[in-house]
Amino acid sequence: MLIAKMPNGDPEIYTAVQGEGPSSNKLVVFVRLSSCNLQCNFCDTAYTWFFQPSPKAKGLPIMHKYAKPVWRSEYMMEMGPKQVADEIIKLAGPHFKRVVFTGGEPMLQQKEIMEAVNYLKADYHHWDVEVETNGTVKVMPDCKFMDQINCSPKLASSGNKKEARDNPVVIAQFLKLWRDAKLHHLSFKFVIQPEHLEDDLAEVEEWEKTHGIPRSLIYLMPEGITEDRIKHGTTVLMDICRERGYQFCTRLHVLLYGDKRAV
């Protein structure tokens, strides 16, 4: 498995309180996977995919707000699924059994995630497994390892082309899995940038109508990596969610720790 590497050489697998989405405030083990098929201009984990030489050199439209390209060897490592499972088990201990596979784009490694989850469930049958995804990679038929999908579709303001970031087949698959009760929880979290507020909100409404997403599953979250920006976005979006009937989430980890890794 391709795992994000910390500066000290350890894998970016760690315990924290979930800071976003429907399972906010729950204690989890995060597993940060490397590589992504999209290139968001505000991504706060760009070190999982924005490698030297810069993707811009390949003709890709990268103008990142916060990050510069990094060397793959310094920010990525490989681990076997059993190694990953063993690390998760060690960190979780006896008190909680919830793991979040995040990224990057975890669904690019779903076979390996399923193998790691099988090791987890061999150790202790009941694990709550969340996957955070951009909603562009289809779930393979034999990959029945997820209890919860936290889907974060990307809007035009992310800098990605529509054909890359909007895959109706995948969104329909997620909704069918949820309606067929093969998922316990499903959410669609849209990251809203204050400087693109009206355009972002109009596009969220378009997503809702075009893909048939129930409003109760839609979360709005402010974009940002600083406390001030998140607080400002929070005050704006809370009122909008109240008026329009969307769910709301902030970025708790940013409010608590700022722009730090493994928190």
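Structure's up top.
Residues numbered from 1 in each chain as written. Predicted model: local features only at pLDDT ≥ 70, side-chain atom pairs only at ≥ 80, totals over all residues. Heavy atoms only, no water.

**Structural notes on the overall build of the protein**
Counting its secondary structure elements, the protein contains eight helices and 10 strands. At 18 Å, the protein has a C-alpha radius of gyration in line with the 18 Å of a compact globule built from 263 residues. Seen along its three principal axes, the alpha-carbon backbone of the protein occupies a region of about 45 × 45 × 35 Å. Looking at the protein as a whole, 54% of its 263 residues qualify as buried. (Helix = DSSP H or I, 4+ residues; strand = E, 2+ residues; numbered from the N terminus. Rg over C-alpha atoms; globule rule 2.2 N^0.38 Å. Buried < 20%, exposed > 50% of the residue type's maximum accessible area, 1.4 Å probe, protein only.)

**Describing the pattern of salt bridges**
Evaluation of the coordinates by the stated rule reveals 20 salt bridges. Among the ionic pairs, D128 bridges to R98, the shortest N-O distance being 3.5 Å. Of this pair, D128 sits in strand β6 (residues 128-133) while R98 is found in strand β5 (residues 98-102), placing the two residues 30 residues apart along the sequence. Across the salt bridge formed by E130 and R98, the nearest N and O atoms sit 2.7 Å from each other. In this pair, E130 sits in strand β6 while R98 sits in strand β5, placing the two residues 32 residues apart along the sequence. Pair check on accessibility: E130 and R98 agree, each one buried. (Salt bridge = Lys/Arg side-chain N within 4 Å of Asp/Glu carboxyl O.)

**Comments concerning the sheet that holds strand β10 (residues 247-248)**
Pairing is mixed in the open sheet, where eight strands are placed in the order β2-β3-β5-β6-β7-β8-β9-β10. Two strands lie at the open edges of the sheet, namely β2 (13-17) and β10, each paired on one side alone. Sheet topology note: the β2/strand β3 (residues 27-32) ladder contains five bridges and is antiparallel. Across the sheet, residue I13 finds its bridge partner in β3, namely V31. Those strands touched by helix α6 (residues 197-211) are β8 (185-192) and β9 (218-222), and its axis lies near 155 degrees from that of β8. (Pairing = 2+ DSSP bridges. Contact = heavy atoms within 4.5 Å. Axes fitted to C-alpha atoms, helices over the stretch in contact; angles between N-to-C directions.)

**Some details on the pairing of β5**
Among the five residues in β5, five count as buried, and that is most of the element. Side chains R98, V100 and T102 of β5 all project onto a buried face; the interleaved residues V99 and F101 project onto the opposite face, where all are buried too. In terms of strand pairing, β3 meets β5 through four bridges, oriented parallel. Across the sheet, V29 pairs through a bridge with V99, a residue of β5. Where β5 lies against β6, four bridges are found, and the strand directions are parallel. Across the sheet, F101 pairs through a bridge with V131, a residue of β6.

**Re the nonpolar core**
Of all hydrophobic cores here, the largest spans 54 residues; its most connected members are I88, F188 and L220. Ranked by size, the runner-up nonpolar core spans 10 residues in total, among them F42, C43, W49 and M221. (Core = buried A, V, L, I, M, F, W, Y, C linked by side-chain atoms within 4.5 Å.)

**Regarding unusual backbone geometry**
Look at the link from G103 to G104: it is a cis peptide, with omega at 10 degrees. The topology assignment puts G104 in the loop between β5 and α3 (110-123). One non-glycine residue, N25, adopts positive backbone phi at about 80 degrees. You can see N25 is positioned in the loop between β2 and β3. Judged by its relative accessible area of 58%, N25 falls in the exposed class. Phi is positive for S35, which is not a glycine, with a value near 85 degrees.

**A word on the side chain of D200**
For D200, the position within the fold is in helix α6. Salt bridges are absent for the buried D200, whose nearest opposite-charge side chain, R229, sits at 8.1 Å. One polar contact links the side chain of D200 to the main-chain amide nitrogen of Q193, over a distance of 3.0 Å. (Lys, Arg positive; Asp, Glu negative; His and termini not counted. Polar contact = N/O pair within 3.5 Å; in protein donor to acceptor, adjacent residues only side chain to side chain.)

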